[in-house]
2 protein chains.
Amino acid sequence: MNNLTLKHLRYFEALTRHGHFGRAADACAISQPALSMQIKELEELLGTKLFERSARKVRLTGFGEDLALKVRAIMHSVDELENMARASHNRLTGRLRIGVIPTIAPYMLPQIVGNITRKHNNLDIYVHETLTPKLIQKLAEGWIDAAIVALPISEPSLVEVALFDENFVLVRPKEDAAKPVPNPEMLSEMKLLLLEDGHCFRDQALSFCNMNAAKPGELLDGSSLTTLVQMVAAGIGVTLIPEMAVAVETRSASVSIAQFNDPKPSRTIGMVWRKTNPLANQLLQISEIVKDAAEGLRKTSG
Amino acid sequence: MNNLTLKHLRYFEALTRHGHFGRAADACAISQPALSMQIKELEELLGTKLFERSARKVRLTGFGEDLALKVRAIMHSVDELENMARASHNRLTGRLRIGVIPTIAPYMLPQIVGNITRKHNNLDIYVHETLTPKLIQKLAEGWIDAAIVALPISEPSLVEVALFDENFVLVRPKEDAAKPVPNPEMLSEMKLLLLEDGHCFRDQALSFCNMNAAKPGELLDGSSLTTLVQMVAAGIGVTLIPEMAVAVETRSASVSIAQFNDPKPSRTIGMVWRKTNPLANQLLQISEIVKDAAEGLRKTSG
DNA sequence: TGCGGTGATAAGAAATAGTTATGAACAACT
DNA sequence: AGTTGTTCATAACTATTTCTTATCACCGCA
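What you see is a predicted model, and the numbers here were worked out from it, not measured in a lab. (Residues numbered from 1 in each chain as written. Chains lettered and ligands numbered in written order. Predicted model: local features only at pLDDT ≥ 70, side-chain atom pairs only at ≥ 80, totals over all residues. Heavy atoms only, no water.)

Undergrad: Even after reading the chapter, I still don't get the pairing of strand β3 (residues 94–100) of chain A, so can you show me in this structure?
TA: Side chains on a regular strand alternate between the two faces of the sheet. All names here are of chain A. By the criterion of burial, β3 is predominantly enclosed, with seven of the seven residues buried. In this fold, the crossover linking β3 to strand β4 (residues 123–129) by way of helix α5 (residues 105–119) has right-handed handedness. Relative to strand β5 (residues 146–151), β3 runs parallel, the two sharing three bridges. The residue of β5 that forms the bridge with isoleucine 98 is alanine 146. (Buried < 20%, exposed > 50% of the residue type's maximum accessible area, 1.4 Å probe, protein only. Helix = DSSP H or I, 4+ residues; strand = E, 2+ residues; numbered from the N terminus. Right-handed = clockwise from strand over helix to strand, strands pointing away. Pairing = 2+ DSSP bridges.)

This is the structure in structure tokens:
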């Protein structure tokens, strides 16, 4: 049996402090023979005498003294381990890796990160911004803990919770501001500017117009909502953007915003994570924070 | 049951490495259920899930990952502990605190320290030079590990080993070189210069002359052999010094050295340490080194 | 839907750590 | 010197912990 245990070290440490088997044993809440045996075992394990037993004193040997220093350091580290665990108890600690789709990230991240760090102040947040399929993959592979995406995802290994719905609004050249709001059919006849393939928002917009990806030439791809809005300002066409993006994207562009008539186009944004992730409670908490952040955003921008 | 054990940490570490209960259990040479239970216990102990178990993968949680770093550090320290013990196995390590009487120290220490460090290169040597009673006290109180003194000490709690005998020689003014060597009786009639009270060498010299400490006025105290020799050179009297001191002490003094007739005065120098000191073997080794050092000194100076 | 692989659970066996009682060594005190 | 008290070691036994084998439940996959 070659196994060193923490018990050995604890008893050893107690004995170094008390210099007396009986009292050290008391301190460890065991009997004196038990301590004697453990110390003996430790000495055999290490192959060196650690204590010099004389009739009235128990003294460390030179090596024992060297050892005591290291042992104390180790025990300190172990305590730290336990404290660390206690501190993180039922709370998110360490590192939260979260993925966000590009049509949400720029508008919500500042709020989200702010609110999360406010509530979990010893949490490092890492954000990945990329397209939904990539997020799902990263999630499955364990590279991120959760993702904020448009629902549904319908991946059996993931849990999804809805956070909020967001409407899409029409962005058109400023001079069109007075024109009637087009309905889906009319929209599909207009020069529609959309995000390039892969963005879920593209599909959501197309679906509103009852279009599939096809019909080339009739729509133009942009790599970001900002680009799209700038193109609209330049009179190239019209586009849809999520309501949340309005404040940021139209601030410096001469475009007009129009709400659609009911049924308004919209999507549900939600958060997803692995079913197997044992931090479900904590992630649920996070999702609430994100929900609140969205709520706040809507209030200020609405 | 609040007790964290190294076993927990070892198993935890193995599982982080293998990401698979079965294989990790193999690596630990235990069965899979045993590992499962220990991990479960560890998680309960820390109050946090450390692993995310899905059907095909075992992944660390965020906190688990933080923990793994610290755990690895701890295990590294523990390994180091064991290595340290193994390295010092049956060898003196760390610190050797040795006491030496003043009539030996200046002549032998350079040799002794040199020889010891040559053989035990990771040994820090601390030397205390003081009178025998103080050395014995320091020894008993555990402030030093061994002492080099004149035997016998006859202290039941100490072991003593003889190292070598050293003769005393007469130191007298240069102009007396041709005179016959005095015998003890004659010596007691001469102006005898001796070390102050407390030095064992004083008593040893007196004993040779069949004198006790009494007879005031007939002898003069000096605080070191160097002082005594200088006083002899100044024609104040004669003195005895250990043979070993001749080379050093008479180098720059105009005195003459005379060997006594048999039976020559001498003393036995030995090393002593606590009976209870478990490093008896190692100290015996050290005593051999000291013996060799003395041998060497005699050769060069004889 | 059954199969292979995986982790959890249960019950009993093995190993470990603890207990009390006692012994041996030694210092301290008549 | 004999006695007493203190201290650590040893022995024999008991309690607890840890491990093993057998089995289950779950999930992804053909």
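Now, onward.
Undergrad: Can you help me understand the environment of B:Gly114 in this one?
TA: All names here are of chain B. Mapped onto the elements of the fold, glycine 114 is located in helix α5 (residues 105–119). Owing to a relative accessible area of 21%, glycine 114 belongs among the partly exposed residues under this scheme. Along the primary structure glycine 114 and aspartate 145 are separated by 31 residues, whereas in three dimensions their C-alpha atoms are 18 Å apart.

Undergrad: In this structure, what is going on with the pattern of salt bridges? I would like to understand it.
TA: Charged atoms that come close allow side chains of opposite charge to pair. Inspection of the entire model under this criterion finds 22 salt bridges over all chains. A salt bridge links A:Arg274 to B:Glu52; the nearest nitrogen and oxygen atoms lie 2.4 Å apart. Taken as a pair, A:Arg274 in strand β11 (residues 266–274) and B:Glu52 in strand β1 (residues 51–53) lie in two separate chains rather than in one. The exposure class assigned to B:Glu52 is buried, which follows from its relative accessible area of 3%. For the salt bridge of B:Arg17 with B:Glu13, the shortest nitrogen-to-oxygen distance reads 3.0 Å. Placement of the pair is B:Arg17 and B:Glu13 together in helix α1 (residues 6–18), with a separation of four residues, close to one helical turn. When its relative accessible area of 11% is taken as the criterion, B:Glu13 is described as buried. Salt bridges here are not isolated pairs; linked through shared partners, they connect A:Glu13, A:Arg17 and A:Arg72. (Salt bridge = Lys/Arg side-chain N within 4 Å of Asp/Glu carboxyl O.)

Undergrad: Would you mind showing me how to read the relation of the copies chain B and chain A here?
TA: Note: a rotation about an axis with an accompanying shift along it relates these two copies of the chain. For the match of chain B to chain A, the screw axis carries a shift of 0.1 Å, the RMSD comes to 0.4 Å, and the turn is 179°. Each copy turns onto its partner about a two-fold axis. For chain B, the smallest separation between a C-alpha atom and the rotation axis is recorded for B:Leu6, amounting to 2.8 Å. Taken together, the interface assignments show that 100% of the residues at the interface of chain B recur at the interface of chain A, consistent with an identical surface on both copies. (Least-squares fit on C-alpha atoms with pLDDT ≥ 70 in both. Contact = heavy atoms within 4.5 Å.)

Undergrad: Quick question: what am I supposed to make of the domain arrangement of chain A here?
TA: Accessible area lost upon the coming together of the parts serves often as the stated size of an interface. Entries for chain A in the domain assignment read domain 1 (6–88), domain 2 (94–164 + 267–301) and domain 3 (166–266). Computed over C-alpha atoms only, the centres of domain 1 of chain A and domain 2 of chain A are separated by 48 Å. (Domains from an automatic or database assignment.)

Undergrad: Before we go on, may I ask you to explain the nonpolar core in this structure?
TA: Across soluble globular proteins, you tend to see nonpolar side chains buried next to one another. Ranked by size, the top nonpolar core spans 70 residues in total, and within it A:Met108, A:Ile148, A:Leu240, A:Met271 and A:Val272 carry the most contacts. Considering each element in turn, this core owes the most residues, eight residues, to strand β6 (residues 158–173) of chain A. When we break this core down by domain, the ones giving at least three residues each are domain 2 (94–164 + 267–301) and domain 3 (166–266) of chain A. Residues in contact with A:Val272, not counting those within four places in the same chain, are A:Ile136, A:Leu139, A:Asp145, A:Ala146, A:Ala147, A:Val149, A:Leu151, A:Ile153, A:Leu158, A:Val159 and A:Glu160. B:Ile104, B:Cys200, B:Ala205 and B:Ile241 belong to the second-largest nonpolar core, a separate cluster that totals 69 residues. (Core = buried A, V, L, I, M, F, W, Y, C linked by side-chain atoms within 4.5 Å.)

Undergrad: Help me out: how do you make sense of the packing of helix α1 (residues 6–18) of chain A against helix α2 (residues 21–28) of chain A in this one?
TA: Packed helices, taken two at a time, are described by the angle their axes make and the gap between the axes. Residue and element names in this part refer to chain A. At a closest axis distance of 8 Å, the pairing of α1 and α2 adopts a crossing angle of 130°. Classified by the angle between their axes, α1 and α2 sit oblique to one another. When the axes of α1 and α2 are compared, the crossing they make is right-handed. Across the interface between the two elements, Tyr11, Ala14, Leu15 and His18 of α1 pack against Phe21, Arg23, Ala24, Ala27 and Cys28 of α2. Considered class by class, the residues forming the contact of α1 with α2 number seven nonpolar, one polar and one charged. (Axes fitted to C-alpha atoms, helices over the stretch in contact; angles between N-to-C directions. Parallel < 35°, antiparallel > 145°, perpendicular 65-115°, else oblique. Left-handed = near helix turned anticlockwise from the far one by under 90°. Nonpolar A, V, L, I, M, F, W, Y, C, P; charged D, E, K, R; others polar.)

Undergrad: Please clarify how unusual backbone geometry should be interpreted in this entry.
TA: Residue and element names in this part refer to chain A. Going from leucine 151 to proline 152, the amide bond is cis rather than trans, its omega being -5°. Tracing the chain through its elements places proline 152 in the loop between β5 and β6. The omega torsion across aspartate 262 and proline 263 is -5°, close enough to zero to call that bond cis. Mapping proline 263 onto the fold places it in the loop between β10 (255–259) and β11. Phi angles above zero are rare outside glycine, and alanine 29 is one such case at about 60°. Positionally, alanine 29 belongs in the loop between α2 and α3 (32–46). Positioned with a positive phi, serine 154 is a non-glycine residue whose angle comes to about 55°. Turning to its location among the elements, serine 154 is positioned in the loop between β5 and β6.

Undergrad: Looking at this structure, how should I read the packing of aromatic side chains?
TA: Each pair of aromatic rings is reported with the distance of its centres and the angle of its planes. Residues and elements named next belong to chain A. For the coordinates displayed, the defined rule picks out six aromatic pairs over all chains. Between phenylalanine 12 and phenylalanine 51 the ring centres are 5.5 Å apart and the planes differ by 55°, which places this aromatic pair in the tilted class. With a gap of 39 residues between them, phenylalanine 12 in helix α1 and phenylalanine 51 in strand β1 (residues 51–53) connect regions that are remote in the sequence. Side by side, phenylalanine 12 and phenylalanine 51 carry an identical accessibility label, which is buried. (Phe/Tyr/Trp six-rings, centres within 6.5 Å; stacked < 30°, edge-to-face > 60°.)

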